[in-house]
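# Close look at the chain arrangement
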Protein chains: 2
Amino acid sequence: MVTVMRRPIPKATVARLPIYLQALLRHAADDPTISSEHLGALTNVGAAKVRKDLSYLGSEGVRGVGYDVAHLRSRIERELGLTRDYPVVIVGVGNLGSALANYRGFAERGFVIAGLYDTDRDKVGRRVDGLSIRHIDQLVEDARRLDVAIAIIATPGHAAQEVADRLDQAGIRSILNFAPATIRVPEGVVVRQVDLSTELQILSYYLQRGG
Amino acid sequence: MVTVMRRPIPKATVARLPIYLQALLRHAADDPTISSEHLGALTNVGAAKVRKDLSYLGSEGVRGVGYDVAHLRSRIERELGLTRDYPVVIVGVGNLGSALANYRGFAERGFVIAGLYDTDRDKVGRRVDGLSIRHIDQLVEDARRLDVAIAIIATPGHAAQEVADRLDQAGIRSILNFAPATIRVPEGVVVRQVDLSTELQILSYYLQRGG
């Protein structure tokens, strides 16, 4: 058996793969191929960079034809590890946490909300989208039992670090942080910080250019 | 007076400017400079690309020292048009719309929520974060009176296109679409589609690589 060592994929390319995937999922079903120019236009990425990014997946387009959409989709899904389900917990069940718990796009992409946690005793026991909110003191035990890999922090900023410390105790190594605060985590834990105003700032740029 | 024509900034660079800004805002206040390597590490962008991106702003770092943080921040804010406030409306006041209405990060960055709209007569008149929810039939008139430039769609997917049509009638040219549906808009209208699962997909990649 020959094992082919593939080049590691640069971080910036990894960050664009979900965006390509989103565009491919929206791409008209009646067109089985897509050019790098078209995919680039849909995602605001230059065509040359699209080709370079996809070359890391071993995907080469056919000149004058483009990429096979179905094949490219499954290739990206495999690369992103979307061929299995991941249990996800949400910590902080205010408006944003509730919205995320109800967000259909997560389960569709294999991210199954397995637990909701809050410190507010008035919220504990209430049901959101079929799940009972549990007290955060139960998180460590639950996360180990459910083999939770990913946590979403949706608390106010001042509570985020304490939550991050609990997640560390629970052995959770991937964190999506919506709280408006930077968290410190041990080596090896991956944190993605989401700032909802980023997209508005991009719109603002185009607005003032006479949009 | 000499007018210097600046190169247009590529779309991909525009999309990274808010991310650089976010990193700069989080950068320790006791360090007045930042290197392109450091800024790149904070934002998952290669140092060479950071330098290239910032060169479009006319910002050049000093070799061995880096960029002046305060100057770079204000330069990016100016480029993104963040030196003024923008009135923003949110259409669809479910969990996500309510979360966005309460999100402190918007006002801090000059995006002032000026109106909340829904079709649900039970919601109309209810207050969220100090604003009364209004019926969507009032949107066109309100938007013109308030000179609203940006709208956020936070409805279910099936309602998004009808909302987009209303926004067009109201003369709103910039849309941030959280609804899980593609919308058709006239030429010149800028739409940013937000898929909240993108970040989870990036985490998934690192998870399966033994994160």
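Read on for a plain summary of the structure.

Rules used in this analysis
Residues numbered from 1 in each chain as written. Chains lettered and ligands numbered in written order. Predicted model: local features only at pLDDT ≥ 70, side-chain atom pairs only at ≥ 80, totals over all residues. Heavy atoms only, no water. Helix = DSSP H or I, 4+ residues; strand = E, 2+ residues; numbered from the N terminus. Contact = heavy atoms within 4.5 Å. Areas by Shrake-Rupley, 256 points an atom, 1.4 Å probe, with all protein chains shown as cover. Pairing = 2+ DSSP bridges. Buried area = accessible area lost by both parts, 1.4 Å probe. Salt bridge = Lys/Arg side-chain N within 4 Å of Asp/Glu carboxyl O. Polar contact = N/O pair within 3.5 Å; in protein donor to acceptor, adjacent residues only side chain to side chain. Buried < 20%, exposed > 50% of the residue type's maximum accessible area, 1.4 Å probe, protein only.

### A word on the overall build of chain A
The number of helices and strands found in chain A is 9 helices and 9 strands. Excluding contacts between residues fewer than 6 apart, the proportion of contacts in chain A whose partners are at least 24 apart in sequence is 55%. Carbon and sulfur atoms make up 50% of the accessible area of chain A, which totals about 10100 Å².

### Concerning the sheet that holds strand β9 (residues 190-193) of chain B
Whenever strands of a sheet pair, they do so through backbone hydrogen bonds, lying parallel or antiparallel. Residue and element names in this part refer to chain B. Taken together, the 7 strands give an open sheet; going across it, the order is β5-β6-β4-β3-β7-β8-β9, and neighbouring strands pair in mixed fashion. At either end of the open sheet lies a strand with only one pairing partner, and these are β5 (127-128) and β9. Relative to β9, strand β8 (residues 174-177) runs parallel, the two sharing 4 bridges. Each bridged residue has a counterpart across the sheet, and for Ile175 the counterpart in β9 is Val191.

### Points about the interface of chain A and chain B
At the interface, 60 residues of chain A touch 60 residues of chain B. Buried area between chain A and chain B, both sides added, is near 5900 Å², and the carbon and sulfur share of it is 61%. Summed over the shared surface of chain A and chain B, the number is 2 salt bridges. At the junction of chain A and chain B, the tally comes to 13 residue pairs in polar contact (both at pLDDT 80 or more).

### As for the pattern of salt bridges
Residue and element names in this part refer to chain B. Within the structure shown, the criterion is met by 20 salt bridges over all chains. When the shortest N-O distance is used, the salt bridge between Asp118 and Lys123 registers 3.7 Å. When sorted by exposure, Asp118 lands in the same class as Lys123, which is buried. With a closest N to O distance of 2.9 Å, Asp137 and Arg166 form a salt bridge.

### Quick word on the environment of Thr155 of chain A
All names here are of chain A. Looking at the element boundaries, Thr155 is found in the loop between β7 (150-153) and α8 (160-169). Here Thr155 falls in the buried class, since its relative accessible area comes to 11%. Put simply, Thr155 and Gln138 are 17 residues apart on the chain and 17 Å apart in space, counted from C-alpha to C-alpha. Each residue touching Thr155, except ones within four places of it in the same chain, is listed here: Val91, Gly92, Ala160, Val163, Ala179 and Pro180.

Geometry only, nothing functional implied.
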